[in-house]
Amino acid sequence: MRTTAVRRVSKSPPLGGDVAGTAWERADPVPIDRFRWTAPERRPSTTARVLYDDETLYLHYEVVDGHSYATATRLNGPVWEDSCVEFFAAPRPASGDAYVNLEVNCVGTFRLGYGAGRTDRALVDPEAAGDVRIRSSIDGPTKDPEPDDEGWWVAAALPFETLGALAGDAVAPVSGDRWRANFYRIRKRPEPLYAAWNPVDAPEPDFHRPAEFGELRFR
């Protein structure tokens, strides 16, 4: 099982593409480099970073992508069909298998849910979703592949209050807490690509497997 430290910040990191010279430099790079289910000719890199403060969890993804696209335009839509990155986390691992899933396509459209399995998940409502901040390097509302595609970034600020409302209990971590979690990257075309931080052992594509999450260690 892979683990990574999550460091506390005193000031919100910028939701932008730059890592150098910002608070994101304090975050340990999390490589999404365990490819599964397909054998793409190229295995482009994806790096995630995560930070937190008293009120918010911050995520940052840098994605190498020579064929980026997005078609989903509505909240909680099928963003996993697009060029997409994901964060799954069980903020209360001692209380069962329920976990949060944040899935974001390359233009910043997202899906946010909570539950114990792939089906019957509670999804964030539009009012609460307004408190989630997502920024992307690609303007929406959709994205067609282009010959000069090289990559993109997405940054997110997830309020613990929003996550707690979905979970039905407070989830804000303190130093010493540990969450089970995984980071993913998906692309369905032109050549399917599935990658994870912590390896997933399943006969077909399935990231809804909390037993195979890695671990976040809050500092």
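Quick note: structure is the one above.
## Points about the nonpolar core
Alright, step 1. Membership of the largest hydrophobic core comes to 46 residues, with the highest contact counts inside it found for Leu57, Leu59, Tyr61, Phe87, Phe110, Leu112 and Phe183.
Alright, step 2. Once residues lying within four places of it in the same chain are set aside, the contact partners of Leu57 are Val50, Leu51, Tyr52, Phe87, Ala156, Ala157, Leu158, Phe160, Trp179 and Phe218.
Alright, step 3. Core analysis: the next-biggest nonpolar cluster, separate from the first, contains 12 residues, Ala196, Val200, Ala202 and Phe213 among them.

## Concerning the environment of Val63
Alright, step 1. By secondary structure assignment, the location of Val63 is in strand β5 (residues 56–64).
Alright, step 2. Counting along the chain gives 87 residues from Val63 to Glu150, while the straight-line C-alpha distance between them is 8.6 Å.
Alright, step 3. Contact partners of Val63, with chain neighbours within four places excluded, come to Ser45, Thr46, Val85, Glu150, Gly151, Trp152 and Arg185.

## So, the side chain of Arg111
Alright, step 1. You can see Arg111 is positioned in strand β8 (residues 110–115).
Alright, step 2. The charged side chain of Arg111 is buried without a salt bridge, its nearest counter-charge being Glu103 at 4.6 Å.
Alright, step 3. At a separation of 2.6 Å, a polar atom in the side chain of Arg111 contacts the main-chain carbonyl oxygen of Asn76.
Alright, step 4. With residues up to four places along the chain from it excluded, the contact list for Arg111 reads Asn76, Gly77, Val79, Trp80, Asn101, Leu102, Glu103 and Leu123.

## Brief notes about the pattern of salt bridges
Alright, step 1. Applying the stated criterion to the full structure yields 16 salt bridges.
Alright, step 2. Among the salt bridges present, the one from Arg36 reaches Asp201, with a minimum N-O distance of 3.3 Å. One end of the pair, Arg36, is in the loop between β3 (34–35) and β4 (46–52); the other, Asp201, is in the loop between β13 (193–196) and β14 (214–218), and 165 residues separate them in sequence.
Alright, step 3. Assessed through its relative accessible area of 29%, Arg36 is described here as partly exposed.
Alright, step 4. The class of Asp201 is exposed, set by a relative accessible area of 54%.
Alright, step 5. For Glu215, the salt bridge goes to Arg178, with nearest N and O atoms at 3.4 Å. Separated by 37 residues along the polypeptide, Glu215 in strand β14 and Arg178 in strand β12 (residues 178–187) bring together distant segments of the chain.
Alright, step 6. One salt-bridge network, held together by shared partners, links Arg118, Asp206, Arg209 and Glu212.

## Side note on unusual backbone geometry
Alright, step 1. In this chain, Gly140 is followed by Pro141 through a cis amide linkage whose omega measures 10 degrees.
Alright, step 2. The residue Pro141 is located in the loop between β10 (133–136) and β11 (151–159) in this model.
Alright, step 3. A positive phi is found at Asn76, a non-glycine position, where the angle reads about 65 degrees.
Alright, step 4. Tracing the sequence through the fold places Asn76 in the loop between β5 and β6 (84–90).

What counts, and where the lines are drawn
Going along each chain's sequence as written, the residues are numbered from 1 onward. Restriction of local features to residues with pLDDT of at least 70 applies here, the model being predicted, together with a cutoff of 80 or more for giving and counting side-chain atom pairs; totals for whole chains, interfaces and linings are based on all residues. Side-chain measures were taken over the full set of non-hydrogen atoms in the model, leaving aside hydrogen atoms and water. Definition used in this section: a nonpolar core is a set of buried Ala, Val, Leu, Ile, Met, Phe, Trp, Tyr and Cys residues joined via side-chain atoms within 4.5 Å. Note on classification: 1.4 Å probe, protein chains only; a residue is buried when its accessible area is under 20% of the maximum for its type, exposed when over 50%, partly exposed between these limits. It only takes one pair of heavy atoms within 4.5 Å for two residues to be counted as in contact. The way it works is that DSSP assigns letters per residue, a run of H or I at least four long becomes a helix, a run of E at least two long becomes a strand, and they are numbered from the N terminus. Under the counting rule used here, the positive set is Lys and Arg, the negative set is Asp and Glu, and His together with the chain ends is not counted. A pairing counts as a salt bridge when a side-chain nitrogen of Lys or Arg comes within 4 Å of a carboxyl oxygen of Asp or Glu. In protein, a polar contact means a hydrogen-donor-capable atom and an acceptor-capable atom, both N or O and within 3.5 Å, with residues adjacent in sequence counting only if both atoms are side-chain atoms; elsewhere, any N or O pair within 3.5 Å suffices.

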